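Inside the fold
These are the residues of each chain, in order.
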Amino acid sequence: MRKGIVQLVAIGVGIGVVLTLVAVLFKWLPTSASEEFDRIQDLYWFATIISIGIFSLVTAVVVYSVWKWRVPDDDDADGPPIHGHTGLEILWTAVPAVLVIAIGVFSAVVLAQNGRAGDRPLEVEALGQQFAWKFTYSDFDDVASGELVLPLGREVRFTMRAVDVIHSFWVPNFGQKMDAVPGITTEILVTPTRLGEFAVVCAELCGLGHATMRAKARVVRPAEFEAWIEERQA
Amino acid sequence: MSAHAEAAHHEHHGPPAAHQSSRVDARVLGMFLFIASEAMLFGSFFTAYFFVRVVNPGAPTEWPPEPYHFPVFVAGVNTAILVTSSFTMHWALQSIKRGQRTAFLAGMILTFVMGFAFLLTQVVEYLNVGFNTGDGAFASVFFGLTGLHGAHVAVGLTLLGIVIVRGFRGHYSPEHHHGVELPGIYWHFVDVMWIVVYSAVYLI
Amino acid sequence: MTATHDQHGGHAAEGYPEHFEPPRGRAWTMAFGPGLVRGAWMALRVVGLGALLVVALRAWWGWSPYWDTHIVLVVGAMTAAPIGFLAGIGSFDYWLHYVSGRPTRPEDHSGHGARTWRDYFKVNTDHKVIGIQYLVTTFFFFTIGGLMAMLFRAELAQPGLQFVDSQTFNGLVSVHATLMIFLFIIPAFAGLANFAVPLMLGAPDMAFPRLNALSFWLLPIAGLMFLASFLVPGGAFASGWTAYAPLSEGQPMGQTFFNMGVQWAGASSIMTALNFLVTIITMRAPGMTFWRMPLLVWANFTTSLLVVIATPFIAGSQFFVMFDRIMHTDFFTPEGGGYVLGYQHIFWFYSHPAVYIMMLPGFGIVSEVISTMARKPIFGYRLMALSLIGILVLGFSVWAHHMFVAGMADWLRVPMMITTLLIAVPTGIKVFSWTATLWRGRIRLNTPMLFALGFVTMFVIGGLSGIYLGSVPIDIHASDTYFIVAHIHYVLFGGSVFTIFAGVYYWFPKMTGRMYDERLGKLHFWLTFVSFNATFFPMHYVGLRGMPRRVFDYAEAFGQLNFFISIASFVLGASFVIFVYNIVTSWTRGPVAESNPWRAHTLEWQVSSPPPIFNFDEIPQVVGGPYEYGVPGARHAVMSPAKEHVAEQEEVHA
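What counts, and at which threshold
Residues numbered from 1 in each chain as written. Chains lettered and ligands numbered in written order. Predicted model: local features only at pLDDT ≥ 70, side-chain atom pairs only at ≥ 80, totals over all residues. Heavy atoms only, no water. Contact = heavy atoms within 4.5 Å. Salt bridge = Lys/Arg side-chain N within 4 Å of Asp/Glu carboxyl O. Polar contact = N/O pair within 3.5 Å; in protein donor to acceptor, adjacent residues only side chain to side chain. Helix = DSSP H or I, 4+ residues; strand = E, 2+ residues; numbered from the N terminus. Nonpolar A, V, L, I, M, F, W, Y, C, P; charged D, E, K, R; others polar. Domains from an automatic or database assignment. Buried area = accessible area lost by both parts, 1.4 Å probe. Pairing = 2+ DSSP bridges. Phe/Tyr/Trp six-rings, centres within 6.5 Å; stacked < 30°, edge-to-face > 60°. Buried < 20%, exposed > 50% of the residue type's maximum accessible area, 1.4 Å probe, protein only. Lys NZ or Arg CZ within 6 Å of the ring centre and 35° of its normal.

At the interface, 92 residues of chain C touch 83 residues of chain A. The interface formed by chain C and chain A includes five salt bridges. At the surface where chain C touches chain A, the tally comes to 21 residue pairs in polar contact (both at pLDDT 80 or more). The element best represented in the side of chain C that touches chain A is helix α15 (residues 424-438) of chain C, accounting for nine residues. Classifying every residue of the side of chain C that touches chain A by side-chain character gives 55 nonpolar, 21 polar and 16 charged.

This is the structure in structure tokens:
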């Protein structure tokens, strides 16, 4: 029996190691370019660790059982009549409950942090229309642009509206996404932390041109941003 | 008599009688489950009503919005008619259970006439209400809820009609009255549902 | 007279009652007797009646123009014609007889049992025939849905447009999902359960056999309606199977086919669910208490409750969209005072429970297969049943987790997240109990068992990615991407479809009386298992990296991986051919199956294969639990002399 346990653990650890390598060696998430996405990535890794553990456990038991107790198809004996085990059943009700509540609490904390606007964020209105985005800087005489330009390190509050159908504003590197819905306004916060050009993608099916409804987001130094705005205001 | 009928008669190859594992009659249980499903269909319409009237930030402050009016009084009289028809339905069922065939038929006909009057009033109301389906979300939920209910009244009337035809042919007796009881349950449901619709759309 | 009697007695020995044959010629019967021919011409005839009704009403109302193609289509082709078809094939014959006030006919069972393949194309009231009708129909639509997937995977092999235009692409994606959900997974489970549940309960048939037949025949109507949408101007409905308003409201005519097709499919599943509930509650064999019911029955009991309560909501949501489209109402148009998010709330109030409608019967099948093949009682039977109820109850409180980025009220997010994550608890109980059932069993690794174990592992992946999506912040990044596509396919393909395959292989000998080819079955499993993972696992990656779903074009960076996914998906499609070949050849000339090849204890295995026409000569007496493997002397039920019947039948065959 002891030998069996060792073998089972070995299988589980083996699967766990392979999965960990898969999780670490491939870059599953885009490079984070916002404070919000940093927090989401921490949460993502927390969930990944738990997932690898659970998957390894279940798969190890399945693989081990099949390996150890497989019989030919014409075998006609029965296994031991084990109907259950109250302790085990309580254990595997309680442990997952604790784990998911941990994920839930962590998520709620991240959600609250990502949803807390500081004082005076940069206000940008994002207007979705088949099949383009229009960004309006209401702090700067409603300067409008098809390209999204943001200053590094300053919190931005996007207020989203849609003209025709539902669109969804998503910059994968910011890790933030929100639908633009006709008739109501929605909000999301982003604090860019990395200079560069990123893709703005429409994530909600919005018709024929949905796949091509993309725009460019550029994160620049604050001075550059001021210059860009002034040029537009003129 | 054909040979087939003869053969079927002599050799009974029917199934064994199923074991009745519940005190509830299968047909009555089926009807109640169907009504549960129907209630949820109304539920989805009430949800739409709730979104349009309560959740929507652009919800009208007045119900119905100016310059439209719902005929609250006429619909109130109509409500009274429909509620009364529930009582006559009950009376008809009790009568056939006691074997009073005339009272049963009278009850059924009264129920049918009142149901029909209700539906007719509803149609006249639609024609004179002063707005159409395209006149705003309030009109959508008005026509949606009352129309859904009207369709149920129409189905109910069809069932009542069948009961009346079979009643005149003498198919029901104190022992066999499921054919009356089931449409009756449905009819009570339609009535109760109307009280909810009337309160939500016209009164509140 | 006597001679004729004897002649017919030959059939009767097999236990089949005589079909009622009208005293007319063959041609007359073909054209005017109940059947597909009469169905076709009656459907065509009432289209005209429907159109006439619309024009007449509009003229009376004074609405111009009197002719509105869209409304005529809805009333004539999508409402009246199906009813005409159903009347034509004879679904309503008995009821019309009743309605017309004639005395009730004693049931002659003429619509019971199938003697030739032709009987499968008629209205049949035998739950076993209906079960097979369901399965064949659903696998037909599965094939079509799969071919559509091959088409758009070909399109997706490279960025940019190659094979189809944008509208067609969106249409293919939408119809693929719709067929798989409404015409495959949900009804395939209904088909398996239709066959197995009455037998498992010790009942001679379902509670309402005629209703059962009707609910099957609604299904092809819905399926053809979805497919017919490709033929109308503007192409098929192209707003996804979720058909979010207001996008769906501005779509061409094809969208209306979705609005109405869903009504027929929904009506079908409500009727079946109602039938299951009544059957399970009122027709259990003596001694079959709720705590002695096989878990498949438990699973269908909870599923049916979900169906009866939730399905009306999708009916409502599609009615509203249709009204907005053809009657110019404003349920979801903000200009008219409508509320856009209302659609999503109403839609998901059905469609989230629908996920469990598509999963719980699979849990039941897997419980049967694992317990039987591992030769052990199911671990923690009561908790297994209770966890189904837990999922049922929690399932109604999680719908808004599909709307974390939809702009709904913020305060709804955290409660919905908690309930969503908590569903992992009853689901976890089931997974751990299955693995514990394997522990120290005597495991026979045949095809049904392979699919069951494949299910357990794949479903864990689907469940775990569900945890990611349940967590609001991760969902904000991952929703509406290929991560969702991966998740839904791990749950519905690695989950539901694997269990359907497990169920089909498991009950194949019982349904057909023949054995499938084990080697082909195993080949099918391994090819499916590997190509399934090769297709869908990389989708997690492209999704998280930034590829949204429902796009025909995507960033160059995802090109190579998408090419790989497309190739893998073609292999996955090819693996299905093995299944079809195996089933068709085994059904026609496979070796004759024993009545109980798996030595299972549940009741359906205690009768002949295929079962006698009325299932049991006498209703069995249930005396113990359904999975008492390894318990010395334990029995699930005591059978009446049905054995003799089997012997008699074998004599006839010999």
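What follows concerns the domain arrangement of chain C. Residues and elements named next belong to chain C. Taken as a whole, chain C is organised into domain 1 (24-99), domain 2 (117-589) and domain 3 (603-653). Here domain 2 and domain 3 have C-alpha centroids that lie 32 Å from each other. Across the contact, 36 residues belong to domain 2 and 24 residues belong to domain 3. For the pair domain 2 and domain 3, the summed buried surface comes to about 2300 Å²; carbon and sulfur atoms form 61% of the total. Its largest share of buried area at the contact with domain 3, domain 2 owes to L199, R292 and K510, together 29% of the area lost on that side. Scanning the region where domain 2 abuts domain 3 turns up zero salt bridges. If you look at where domain 2 meets domain 3, you find 17 residue pairs in polar contact (both at pLDDT 80 or more).

All right, on to the domain arrangement of chain A then. All names here are of chain A. If you check the domain split of chain A, you get domain 1 (2-68 + 87-114) and domain 2 (122-233). Domain 1 puts 10 residues into the contact, and the matching count from domain 2 is 12 residues. When domain 1 packs against domain 2, close to 940 Å² is buried across both sides, 49% of that on carbon and sulfur atoms. Of all residues in domain 1, T31, A33 and E36 bury the most surface against domain 2, accounting for 46% of the area lost on that side. Linking domain 1 with domain 2 are zero salt bridges. Our enumeration of links across domain 1 and domain 2 arrives at eight residue pairs in polar contact (both at pLDDT 80 or more). Among the elements that take part in the side of domain 1 that touches domain 2, helix α2 (residues 35-69) stands out by supplying four residues, more than any other.

With that settled, consider the side chain of C:S586. Mapping C:S586 onto the fold places it in helix α20 (residues 559-589). Every residue in contact with C:S586, bar those within four places of it in the chain, is listed here: C:F508, C:R514, C:M515, C:Y516 and C:D517.

Residue and element names in this part refer to chain A. Here P222 lies in helix α4 (residues 222-233). Spatially, the C-alpha atoms of P222 and T159 are 21 Å apart, while their sequence positions differ by 63 residues. Beyond its immediate stretch of four places on either side in the chain, P222 contacts P151 and L152.

Now for the pairing of strand β11 (residues 214-220) of chain A. As a general feature of sheets, a regular strand has side chains that alternate between the two faces. Residues and elements named next belong to chain A. The pairing of strand β5 (residues 148-151) with β11 spans four bridges and is parallel. Following the sheet pairing, V149 is matched in β11 by R218. Summarising the sheet, strand β10 (residues 196-202) and β11 pair through six bridges and their orientation is antiparallel. Paired with E197 across the strands is R218, a residue of β11.

Enumeration over the complete set of coordinates arrives at 121 aromatic pairs over all chains. Ring centres of C:Y343 and C:F347 lie 5.6 Å apart, and the angle between their planes is 15 degrees; on these two criteria the pair is classed as stacked. Of this pair, C:Y343 and C:F347 both sit in helix α11 (residues 340-357), four residues apart, roughly one helical turn. You can call C:Y343 buried: its relative accessible area is 0%. Using a relative accessible area of 0% as the deciding quantity, one classes C:F347 as buried. Taking the ring centre of A:W170 as reference, the NZ or CZ of A:K177 above it sits at 4.3 Å. Taking the ring centre of C:Y98 as reference, the NZ or CZ of B:R166 above it sits at 3.8 Å.

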